[in-house]
Amino acid sequence: MVKKKLAIVGAGNAACITAMTNHLYGVVTGDPAGNGLYDPIDIYYDPEVPISRVGQGTLPGLTHIMSQVLGATFYEKENYFKGKLKSGVLYENWGKSGAKHFHPFIMSHIAIHYEPKQFSKAILECGLFNVIEKNIKDPEKEIDADTIFDCRGLTHKQYLENKDDYLPVINPLNAAILAKGPYDPELHYTRTVATPNGWTFVVPNFDSTSIGYLYNSDITPRNRAEKNLTKMFDVEPDGHLDFSNYVAKSMFRGERTILNGNKLAFVEPLEANSSPFYQDISGIAWHAIFNILKKEEMDQMMHYKMAQIQNFLLWHYDKGSKYDTEFWRYAKKISKNTWERDMEFLRMIQHSRSKGELEFYNRAGDPPEDVYGQWHANSFKNWDRLI
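Residues numbered from 1 in each chain as written. Predicted model: local features only at pLDDT ≥ 70, side-chain atom pairs only at ≥ 80, totals over all residues. Heavy atoms only, no water.

J.: When you look at the sheet that holds strand β9 (residues 166–168) in this model, what are you seeing that I'm missing?
T.: Think of a sheet as strands paired side by side through backbone hydrogen bonds, with each pair either parallel or antiparallel. Ordered by their spatial adjacency, 3 strands build an open sheet running β9-β15-β18, and the pairing between neighbours is antiparallel. The open sheet is flanked by β9 and β18 (265–266), the only strands paired with a single partner. Relative to strand β15 (residues 246–248), β9 is paired through 3 bridges, and the arrangement is antiparallel. Note that in β15 the partner of proline 168 across the bridge is tyrosine 246. Taken strand by strand, helix α8 (residues 295–318) contacts β9, β15 and β18, and its axis lies near 170° from that of β15. (Pairing = 2+ DSSP bridges. Helix = DSSP H or I, 4+ residues; strand = E, 2+ residues; numbered from the N terminus. Contact = heavy atoms within 4.5 Å. Axes fitted to C-alpha atoms, helices over the stretch in contact; angles between N-to-C directions.)

In structure tokens:
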């Protein structure tokens, strides 16, 4: 059997996750006989292009792949990307009561917080990939490969210039203010704190905390958002992001190129939804690499994955927070008639109520009826309990 040649353009989170996933299942695991299906994967990247500082949290599935591919552990010499334990997500001020609510990961399925620059460095230097320093402008003209994953990212300006290639994803947020806080040795989870103007993530680093104040700039002026950030978290802003929530009309470009990362889609970071989506795209792409499905069928699969992300996040906003503000009234308004019209979503809510948490945890593997997109029935059970 002739092995497939894959190339990846970029070195950010999406490129690294795409590289690991395809290496594990195409180079290491391969076919049922254990024969590799891909040649070693090429990674093209431009060292002058900075790695984004955001996107610092995983779900347990990615942590598993990081360990399998890189041999990463929490031991200092094997913690290649400064990973910190992520034992779950603490929701603060969400729901009508505003009570704190912890969404745990079971001890055998932990996640991590990490530093994106260190993650990229670990992938580029691990020796598993052919790394080529080159600024690629036209992948199909410049790269000799059977399949190319374009993970070069997309700035907000580039998105606006190419808006006709994308579809909107319904979400109430479009801006973020970034800041650094002091190191907190007790913080081993993501804090997800509802604010009057949106919500804020607080993520532990090795020597600090990363803070991202998310809001809607059409509702809240930047200066007012900055004042609230400083008041609630006692930090000063050191970065700003404007963004749109979108998904490409097609995950394919040209004859051989598959989009991933921000080149394909972007949604605000509630529930650390991006890394599982990047993994899902690598899985869907398998059908393209081996000519199993038509492109239209794979685009439909991709769009449904994004619709699941959209609806799960909007469910959170629809249930509100302790704040009765213009932002939260707007968030609830645009959430109406979204998740409520998704019959599979409604089935999962009812299914999650049918068993206790331990019953779900003790079921072998992840039966399809226990999973909606990247979420397990226990995720529904946890949030349903809060609201």
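There's more to say after this.
J.: How should the environment of asparagine 197 be read in this particular structure?
T.: Tracing the sequence through the fold places asparagine 197 in the loop between β11 (190–195) and β12 (198–204). When the C-alpha atoms of asparagine 197 and arginine 224 are compared, they prove to be 9.4 Å apart, with 27 residues separating the residues in sequence. Leave out the neighbours within four places in its chain, and asparagine 197 touches Tyr213, Leu214, Tyr215, Asn216, Thr220, Ala225, Asn228 and Phe327. In this structure the side chain of asparagine 197 is engaged in a polar contact, spanning 2.7 Å, whose partner is the side chain of tyrosine 213. (Polar contact = N/O pair within 3.5 Å; in protein donor to acceptor, adjacent residues only side chain to side chain.)

J.: Even after reading the chapter, I still don't get the sheet that holds β12, so can you show me in this structure?
T.: What the 7 strands build is an open sheet, ordered β5-β4-β11-β12-β13-β10-β14; its pairing is mixed. The sheet terminates laterally at β5 (101–104) and β14 (237–242), the two strands that pair on one side only. Pairwise comparison of adjacent strand axes, ignoring direction, gives a mean angle of 20° for this sheet. Sheet topology places strand β10 (residues 175–182) next to β14; 5 bridges connect them, and they run antiparallel. In the strand pairing of β14, leucine 178 is matched with glycine 239.

J.: I tried to follow the packing of helix α1 (residues 13–29) against helix α7 (residues 274–289) on my own but got confused; where do I start?
T.: At a minimum axis distance of 9 Å, the contact between α1 and α7 shows a crossing angle of 50°. Considered as vectors, α1 and α7 are oriented oblique to each other. Crossing of α1 against α7: the hand is right-handed. Across the interface between the two elements, Asn13, Ala14, Ile17, Thr18, Thr21, Asn22, Tyr25 and Gly26 from α1 touch Ser275, Tyr278, Gln279, Ser282, Trp286 and Ile289 from α7. (Parallel < 35°, antiparallel > 145°, perpendicular 65-115°, else oblique. Left-handed = near helix turned anticlockwise from the far one by under 90°.)

J.: Would you explain unusual backbone geometry in this entry?
T.: Excluding glycine, a negative phi dihedral is what most residues carry, and trans is how most peptide bonds are arranged. One non-glycine residue, aspartate 234, adopts positive backbone phi at about 55°. Residue asparagine 337 is not a glycine yet carries a positive backbone phi of 60°. On the secondary structure map, asparagine 337 appears in the loop between α9 (326–335) and α10 (343–352).

J.: When you look at the packing of α7 against α8 in this model, what are you seeing that I'm missing?
T.: Two quantities define a packed helix pair, namely the angle between the helix axes and the distance between the axes. Look at α7 against α8: their axes get within 10 Å of each other, and the N-to-C directions meet at 165°. Comparing their axes, α8 and α7 come out roughly antiparallel. Like other packed secondary-structure pairs, α7 and α8 cross with a definite hand, here right-handed. Contacts from Phe277, Asp280, Ile281, Ile284, His287 and Ala288 in α7 reach Met298, Met301, Met302, Lys305, Met306 and Ile309 in α8.

These figures capture arrangement, not role.
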